[in-house]
Amino acid sequence: TLKEILVSSRRGHTYTARVAYVALGGILLYQFWTSIVARVSLAQASEYASFGRDLFRTFVPLQMLLVFLAALGSSAERIVQERRSGTLAILLSTPLGARAIVWAKWKASVLHAGSLLLAGVPALALCVYLGLEPLDLVWSSALTFALAMLGAAFGIRASAIAETVPRAILLGFGYFAAYSLLPL
């Protein structure tokens, strides 16, 4: 697990994704702030609370989507990368069982996506500071983390079947769509 985390954290697209995520959150916050200041004087506490609720309603779905995509993308390349570099056979010949290998790769993907979840905490904390219920912060963070776990599971499953990372990501989306529509 530690090796997976260290390797994935040093890739250039990991830094790019984190910077883009934080920049997108900053742009969203700036647009919200300028639109609210242009409309309202923010003289009353209820106006601040309304701003916090509006920001929360916009930021949380975006965060859920991006964290899910990060988990899916991160996990979709784990086994495909091992297969492409020729190290999958070596990895399978170690004393670790297949479950332990998949478990370690899944945990590394979830932790990678969890770093994006932590990057969104300041925006969510601002919402709570402006009057949002702290319980909303808890449920939204728990749901986002659950989506990260689900995305990582779908990505790992897809990477075991697909030959390339884009195919694994598309297959992971297919799994998610099927899982979402299954109850219907």
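Going by the structure above, here's the rest.
This is a predicted model, so every value here is computed, not measured.

Colleague: Any chance you could explain the overall build of the protein here in plain terms?
Modeller: Helix and strand counts for the protein stand at eight helices and zero strands. Along the protein, helices (α) and strands (β) appear in the sequence α-α-α-α-α-α-α-α when read from the amino end. Expressed as a percentage of its 184 residues, the buried residues of the protein come to 36%. Taking contacts inside the protein between residues at least 6 apart in sequence as the whole, the part at least 24 apart equals 79%. Of the roughly 10,300 Å² that the protein leaves accessible, carbon and sulfur atoms contribute 71%.

Colleague: How do you make sense of helix α5 (residues 98-119) when you look at a structure like this?
Modeller: Helix length check: α5 (22 residues) gives 32 Å between terminal C-alpha atoms against 32 Å at 1.5 Å per residue, within 8%. Buried within α5 are the following residues: Ile101, Ala104, Lys105, Trp106, Ala108, Ser109, Val110, His112, Ala113, Gly114, Leu116 and Leu117.

Colleague: Quick question: what am I supposed to make of the nonpolar core here?
Modeller: For soluble globular proteins, nonpolar side chains are generally found buried alongside one another. Counting 29 residues, the largest nonpolar core has Phe56 and Phe59 as its most contacted members. Elements represented by at least two residues in this core include exactly α2 (12-39), α3 (45-85), α5, α6 (121-129) and α7 (134-161). Looking at this core, the element that brings in the most residues is α3, giving 12 residues. Residues contacting phenylalanine 59, with those up to four places away along its chain left out, are Tyr21, Gly25, Leu28, Gly120, Ala123 and Leu124. The next biggest cluster of nonpolar side chains, apart from the first, holds six residues, and it includes Ala76, Ala158, Ala162 and Val165.

Colleague: When you look at the side chain of arginine 78 in this model, what are you seeing that I'm missing?
Modeller: By the element assignment, arginine 78 lies in helix α3. Of the polar contacts made by the side chain of arginine 78, one reaches the side chain of serine 109; its length is 3.0 Å.

Colleague: Would you take a moment to explain the environment of arginine 83 for this structure?
Modeller: Take arginine 83: it is sitting in helix α3. Taking C-alpha positions, arginine 83 is 9.2 Å from alanine 160, a pair spaced 77 residues apart along the chain. Those residues in contact with arginine 83, other than ones at most four positions away along the chain, are Leu88, Ser159, Ala160, Ile161, Ala162 and Glu163. From its side chain, arginine 83 meets the backbone oxygen of serine 159 in a polar contact 3.0 Å long.

Colleague: Just to check I follow, could you spell out the side chain of serine 159 for this structure?
Modeller: Of note, serine 159 is situated in helix α7. Ignoring any residue separated from it by four or fewer positions in sequence, one finds serine 159 in contact with Ser75, Ala76, Ile79, Val80, Arg83 and Ala168.

Colleague: Would you mind showing me how to read the packing of α7 against helix α8 (residues 165-181) here?
Modeller: Angle between the axes and distance between the axes: these two values describe a pair of packed helices. It is the contact of α7 with α8, at a shortest axis distance of 8 Å, that shows an interaxial angle of 125°. Overall, the two elements α7 and α8 adopt an arrangement that is oblique. Both α7 and α8 take part in a crossing whose hand is right-handed. Facing α7, whose interface residues are Leu147, Leu150, Phe154, Arg157, Ala158, Ser159 and Ile161, α8 presents Ala168, Leu171, Gly172, Tyr175, Phe176 and Tyr179.

Rules used throughout
Residues numbered from 1 in each chain as written. Predicted model: local features only at pLDDT ≥ 70, side-chain atom pairs only at ≥ 80, totals over all residues. Heavy atoms only, no water. Helix = DSSP H or I, 4+ residues; strand = E, 2+ residues; numbered from the N terminus. Buried < 20%, exposed > 50% of the residue type's maximum accessible area, 1.4 Å probe, protein only. Contact = heavy atoms within 4.5 Å. Areas by Shrake-Rupley, 256 points an atom, 1.4 Å probe, with all protein chains shown as cover. Expected span 1.5 Å × (residues − 1). Core = buried A, V, L, I, M, F, W, Y, C linked by side-chain atoms within 4.5 Å. Polar contact = N/O pair within 3.5 Å; in protein donor to acceptor, adjacent residues only side chain to side chain. Axes fitted to C-alpha atoms, helices over the stretch in contact; angles between N-to-C directions. Parallel < 35°, antiparallel > 145°, perpendicular 65-115°, else oblique. Left-handed = near helix turned anticlockwise from the far one by under 90°.

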